[in-house]
Every structure is written in structure tokens, then in C-alpha cells.
Amino acid sequence: MGNSNQSKNPWEDPAAAPFIRIDGLRKEFGGFPAVDGVSLDIYKGELFAILGGSGCGKSTLLRMLAGFEAPTAGRVFIDGVEMTQLPPFERPTNMMFQSYAVFPHYSVADNVAYGLKKEGVDKAEVKVRVEEMLELVQLQDFAKRKPRQLSGGQQQRVALARALVKRPKVLLLDEPLAALDKSLRERTQFELMNIQDQLGITFILVTHDQEEAMTLATRIAVMDAGRFVQVGTPTEIYEYPNSRFVADFIGTINLFRCHQRGNDGATVVACEETGVPIQADLPAALELPDAFDVAVRPEKIRLSRQAPEGEGLTVLHGMVEDLAYYGNHSLYRVRTDQGKLVQVSSQNVQRSAELALEWDEQVYLSWPKDCSVVLTQ
Ligand SMILES: Nc1ncnc2c1ncn2[C@@H]1O[C@H](COP(=O)(O)OP(=O)(O)OP(=O)(O)O)[C@@H](O)[C@H]1O
Ligand SMILES: [Mg+2]
């Protein structure tokens, strides 16, 4: 019984103490709220991602956590100690800025060593720690080079090593992988996860890249116009978006506009766009506005030539308007008989695909009711 708590995620454990507590944080610039009252608990060892579009307040929030920006209101605690009024150098944080700056006249090794030397760390120890760090970011063979002799991605890793070498309790990363190409980005994502695993640092990572947040994070806060619109694990955010904004922001999704409960009350949503009722789990107590959406991910929808049968299935009929083959999966756009375009993706598991659909073919679309996500806001 005692073990059940150990596997529990700290954010699900009411007894767990948060490592970072953000309480009602707000920042106004000339009356404009860049960060509009944000509260959040982050736990030790998390790799927490803040995800949102350009200008939504991500960097401003991070800068307040690091102490580079004074909040208009609200408080920040780290490890139980209030940080709100402390300058950056008195906080157990280190920040890698969006426009990371490496010193152009210093070698890679000296760039990484800079913070330690400034702290007066003993020379021999500086050497060891710098070597350790360069190995971690796989730049050990580049130690003597100057930044201009490196690619943008390598420079970004120098900046990362420089942020990590001081072993902060909290590392704040503002778009740390933005300068990397796709494959290096993916590799560095794994490196980041390994680094975090090895050093046990708590990471807060800002990104506008939803795939990056989904891959890396223990939890994600989706931000819009200075506020958090949803906080959850990548799976929660993807499978159960709490609003049209989040559903639209993360991945591809089909939205069906609906107007009322079906006649049986509890499960069916009448939908004018599809002409047939959409099966969904609707708690009787759920207050539905006049218009709301049912969201269905493309990979939850099955295509078939024969009409499928089964309990709780929503079944639509239409014609394949567009299809694209991506090796391991195919993407279909199906125009339903009522004129609604629905996206469907299917994994190509078998080489002799049982269902190789062609353009203009008639198909049935179906999905079970637990894949219908009702969005009331
Ligand atoms: N020093 C400042 N003075 C006035 N307005 C500012 C200042 N810093 C940021 N802002 C404004 O606050 C809002 C949030 O900016 P912020 O840099 O936090 O956005 P962001 O989410 O990091 O965006 P991006 O993804 O483009 O980096 C923006 O509208 C920005 O113009
Ligand atoms: Mg920013």
C-alpha cells in the first residue's frame, strides 16, 4: 500500500510540496497585462513546458521567475523561500535566453567556464566541470574553437552548457532549441532529457513548438494572452483539451458544431453539420451552451467500405476528396454527404493495406463515443 504513492506523479499527490510556487503573478507594461495573473505549482525534477503563440507572455513569465523582471503583482517561491524581491544572482535559477549570447572572443571552453570562474570556483574544479559539460552536450572536440567557428546549433549547445555548468536547482530555458534543424533538434531533445535525468535539475522550458512540448515535458501549460488556458500532461492536453483554443493549438482535430442534447439526454449530441447524431459521453449535470463543439482527433476515426455496426458508434458517410501517403501513415480528407470536410489519419501497419482507398471513393467514417470530446468553451 505504501508503494502506491511512490509511483504517483507529484502533482497528483496532495501531500507533495511544490518546488516552485507561482502565485498570482502579473506583469503590466504601460497598463497592458503581458502576464495576466498566473498561478502554478511545479515539482522537483519536472521538465515543465510553457507553450503558446508569439507574444502571449512566455518570456515575460520566465524573466520574472529568474528575477530579470519585477512583477506588478504576485509572488514566486522556490524551495519554500520567497524569491519575489531577490535579484537574479541570489536565486537558485539560471536562465538561457531566447537570444542566447555567447562571448565571441572566448573559446567554447572559456565560455562554459565563465560563470564558474566569476563565482571563484577553484581552477582544477572548473576544468573538470567544463569537460563534463562539454561531453554532455557533445562538444568535447570543439573546446578550443571560437563561437564563429561553430554552427548555430553548436553555439546554442555552448549556451546550454554554460547555463547547466553552474548546476542551478532550476534551469529556465527560453526557446533553447529554436536555432537547430529538425534532426539536431530531436537529438538535443533527447540530450536534454538525459541531462535532466542525470543532474536532477528542474527545468522550465518555453516553446511555441507543440511537438517539442509534447516530446519533452512532464507537464505543459498552454498559454494565451497572458493566461494559462490549460495545465496538464502531454496526454491530457492532447486527448482532453478543455477548449477550442487548446484543441486547435495542439495537433490536428476535427470540430463539429452542435446545438443540443439528443433525445436520450445522456449520450447523444445533435449536430447539424453531420446530419446524424454524434455519440458522446455527456454527464447529465453538464451545462451546455446554445452552441458547442465536439472534437475528434483524426487518428480516432476509422474508414470502411461497409457500414460499421456497434454500440456507441458515430457513423458518417462521405467521399474521399483527398489523400496523402506518408509511409507509416496515410492522411485522408473525406467530404461527408452534408458537405463537412473531415480529416482522418490511419497507421499503415500492414503492407498489403486491407483498405487502400482511392480518390472519390465512397466511405463510412466511424468512431466510438469515448473519442468524442465535448468542448463547451
Ligand atoms: N519591455 C517591454 N515593454 C513593453 N511591452 C513588452 C515588453 N516586453 C514584452 N512586452 C509585450 O508583452 C507581451 C508578451 O511578450 P513576451 O516577450 O513575453 O512574449 P512571448 O510569449 O515570449 O513571445 P515570443 O514567442 O514571440 O517570444 C508582448 O505583447 C510584448 O510586446
Ligand atoms: Mg519569447
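Residues numbered from 1 in each chain as written. Chains lettered and ligands numbered in written order. Predicted model: local features only at pLDDT ≥ 70, side-chain atom pairs only at ≥ 80, totals over all residues.

A word on the sheet that holds strand β20 (residues 362-368)
1) Next: Strand order in the open sheet formed by five strands is β16-β20-β17-β18-β19, and the pairing between neighbours is antiparallel. On the outer flanks of this sheet lie β16 (302-304) and β19 (341-347), each paired with one strand and no other. Here the average twist between neighbouring strands, direction ignored, is 45°. (Pairing = 2+ DSSP bridges. Helix = DSSP H or I, 4+ residues; strand = E, 2+ residues; numbered from the N terminus. Axes fitted to C-alpha atoms, helices over the stretch in contact; angles between N-to-C directions.)

Thoughts on the site of ligand 1
1) Next: Near ligand 1 you find F29, A34, G52, S54, G55, C56, G57, K58, S59, T60, Q98 and H208, and these make up its full shell.
2) Next: The biggest single contributor to the shell around ligand 1 is helix α1 (residues 58-66), with three residues.
3) Next: Of the residues belonging to the shell around ligand 1, the class tally is three nonpolar, eight polar and one charged. (Near = placed C-beta within 6 Å. Nonpolar A, V, L, I, M, F, W, Y, C, P; charged D, E, K, R; others polar.)

Quick look at the domain arrangement of the protein
The accessible area lost on association of the parts is a frequent measure of interface size.
1) Next: Per the domain assignment, the segments of the protein are domain 1 (13-239) and domain 2 (254-375).
2) Next: Distance between the C-alpha centres of domain 1 and domain 2: 40 Å. (Domains from an automatic or database assignment.)

Structural notes on the environment of V137
1) Next: Inspection of the secondary structure puts V137 in the loop between α3 (123-136) and α4 (152-164).
2) Next: Spatially, the C-alpha atom of V137 lies 8.1 Å from that of T188, the residues being 51 residues apart in sequence.
3) Next: Setting aside its immediate chain neighbours within four residues, V137 contacts R157, L160, A161 and E191. (Contact = placed C-beta atoms within 7 Å.)

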